[in-house]
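# Reading the structure
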Amino acid sequence: MRTTVGIIGAGPAGLLLARLLHNAGIDSVVLESRDRAYVERRQRAGILEQGTVDVLREAGAGERMDREGLRHDGIELRFARRRHRVDFPALTGGRAVMVYAQTEVCKDLIALQLKEGGPLLFEAEALAVEGAGTDRPCVRFRHRGTEEVLECDYVVGSDGYWGVARAAVPDGRSFERTYPFGWLGILADVAPSHDELVYARHDRGFALLSMRSPSVSRLYLQVPADTDADGWSDEEIWDELERRFETDDDWSLSRGPITQKSVTPMRSYVHEPMRHGRLFLAGDAAHIVPPTGAKGLNLAVGDVVTLARALAHRAATGSEELLDAYSATCLRRVWQAERFSYDMTTLLHTVPGATPFEDRLQLARLDRITSSRAAETDLAEAYTGFPIG
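Rules of the game
- Residues numbered from 1 in each chain as written.
- Predicted model: local features only at pLDDT ≥ 70, side-chain atom pairs only at ≥ 80, totals over all residues.
- Heavy atoms only, no water.
- Helix = DSSP H or I, 4+ residues; strand = E, 2+ residues; numbered from the N terminus.
- Rg over C-alpha atoms; globule rule 2.2 N^0.38 Å.
- Buried < 20%, exposed > 50% of the residue type's maximum accessible area, 1.4 Å probe, protein only.
- Contact = heavy atoms within 4.5 Å.
- Areas by Shrake-Rupley, 256 points an atom, 1.4 Å probe, with all protein chains shown as cover.
- Lys, Arg positive; Asp, Glu negative; His and termini not counted.
- Charge placed at Lys NZ, Arg CZ, Asp CG, Glu CD.
- Pairing = 2+ DSSP bridges.
- UniProt positions renumbered as here; feature names shortened; annotations may be inferred.

Quick look at the overall build of the protein now. Across its full length, the protein carries 13 helices and 20 strands. For the protein, whose C-alpha radius of gyration is 21 Å, the value lies close to the compact-globule estimate of 21 Å for 389 residues. Considered along the principal axes of its C-alpha atoms, the protein spans approximately 65 × 40 × 40 Å. Among the 389 residues that make up the protein, the fraction classed as buried is 56%. Across the protein, contacts joining residues at least 24 apart in sequence account for 71% of those joining residues at least 6 apart. For the protein, the exposed surface amounts to about 16,400 Å²; the carbon and sulfur share of it is 48%. Charge separation in the protein, taken as the distance between the mean sites of 47 positive and 58 negative side-chain charges, equals 1 Å.

Right, dumping it as structure tokens:
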């Protein structure tokens, strides 16, 4: 089997890249180790930046998102029993975000790829990337019990941190931070208790009120990193959420049946460079952010938009200038997202062993954001998205 671009991984990065390449007249093959049902149900991010929304629309993948997604014009910061709304459009010249789950983005892109695009092979396990430093790279993979070879001009690894693509990069440098806490996340069949996301800083730990639809809530609690989700009863989870979201007004938290719960670890990770020869890393294969800043999926979109432009430029002009600049171009945006995600995480979470002085600094930082238009604007601009490319 031969193609121009071999893509490992059918998450949002790999699927969107295949769509962008299709629209540019460049052929590709996508290899995904899991089956279609698994890809379409795995819960991940749910916040799309303004730039991601625009890209999906331009790619022809925005129809259902615009119909079913929830546009949000702000978030609420909650601390010391106080509430403060950050108005995104007023602070950013009209930018907003969209609540639309990664599962739904993948469903839309899969449907388009199977209808209009090149081959998308599920249950096709990539075994190795070979010849990345040559002009004839290939991917060895196993599909339906048979080992095959995909010959490519370029290989894109969008197969996550544990995938074979990252392991095929022989050099470079990694930067990493592991946090001593995680998020206990739940899905609940109950209408959200607020019409926008609520980020709560509390002495007992961070909490986040989010949603997946007008009838399904997504909520999170900061917990120790080694927490077993099954060790929390449903009643204990709701009781703790109520404590951390408490305010001095009459706001109340609505409860409902919990349909799913899990613990998400908190990590920051960057690999430099994001390229080796004709192998390009994208998404979680190259960088991971703690979810506090809602940047993971959006960073992946920035990577593949940058790469698709570079490949289209190569096809049109023969120049590899943009391909050569891929890593540096992406990393400028990646590090800004890492910085923002770190800032949001340290702003809102209770750190084990923190001193009263450090607790007061957190509150001072929140006071600054809620009393200074300049500080509030910085948060709003970062949350709604850094420029792509």
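Reading across from one edge, 8-2-1-12-19-18 is the order of the six strands in this open sheet, with mixed pairing throughout. Strand pairing shows two members of the sheet lacking a second neighbour, strand 8 (120-121) and strand 18 (275-276), which therefore form its edges. Where strand 1 (residues 5-8) meets strand 2 (residues 28-31), four bridges bridge the pair, whose relative direction is parallel. Its bridge partner being in strand 2, Val5 is matched across the sheet by Ser28.

What follows deals with the UniProt feature "domain: FAD-binding" (unreviewed entry) in the protein. The positions UniProt marks with the feature "domain: FAD-binding" (unreviewed entry) are residues 2-341. Secondary structure content for residues 2-341 is 32% helix and 33% strand, while the C-alpha to C-alpha distance between its ends is 39 Å.

Among all residues save glycine, negative phi is the norm, and among peptide bonds the norm is trans. In this chain, Glu272 is followed by Pro273 through a cis amide linkage whose omega measures -5°. With a phi close to 50°, Ala80 is a non-glycine residue in the positive phi region. In this fold, Ala80 is placed in the loop between strand 5 (74-79) and strand 6 (82-87). The exposure class assigned to Ala80 is partly exposed, which follows from its relative accessible area of 47%. Positioned with a positive phi, Arg144 is a non-glycine residue whose angle comes to about 55°. Relative to the elements of secondary structure, Arg144 occurs in the loop between strand 10 (138-143) and strand 11 (146-151). We classify Arg144 as exposed; its relative accessible area is 76%.

Here we come to the sheet that holds strand 14 (residues 197-201). The strand order 6-5-14-15-16-13-17-20 describes an open sheet built from eight strands, whose pairing is mixed. In this open sheet, the two strands that pair with only one neighbour each are strand 6 and strand 20 (287-288). Bridge count between strand 17 (residues 258-272) and strand 20: two bridges; the pairing is antiparallel. By the bridge assignment, Tyr269 is partnered in strand 20 with Ile288.

What follows covers the environment of Phe386. Secondary-structure assignment places Phe386 in the segment after helix 13 (373-384). By relative accessible area, which is 16% here, Phe386 ends up buried. Put simply, Phe386 and His287 are 99 residues apart on the chain and 16 Å apart in space, counted from C-alpha to C-alpha. Once residues lying within four places of it in the same chain are set aside, the contact partners of Phe386 are Glu49, Lys295, Arg333, Gln336, Ala337, Arg339 and Phe340.

Here Met344 shows up in helix 11 (residues 326-348). On the basis of relative accessible area, Met344 is assigned to the buried category, the value being 2%. When the C-alpha positions of Met344 and Glu320 are compared, they lie 37 Å apart, and in sequence the two are 24 residues distant. Ignoring any residue separated from it by four or fewer positions in sequence, one finds Met344 in contact with Tyr199, Thr292, His349 and Leu379.

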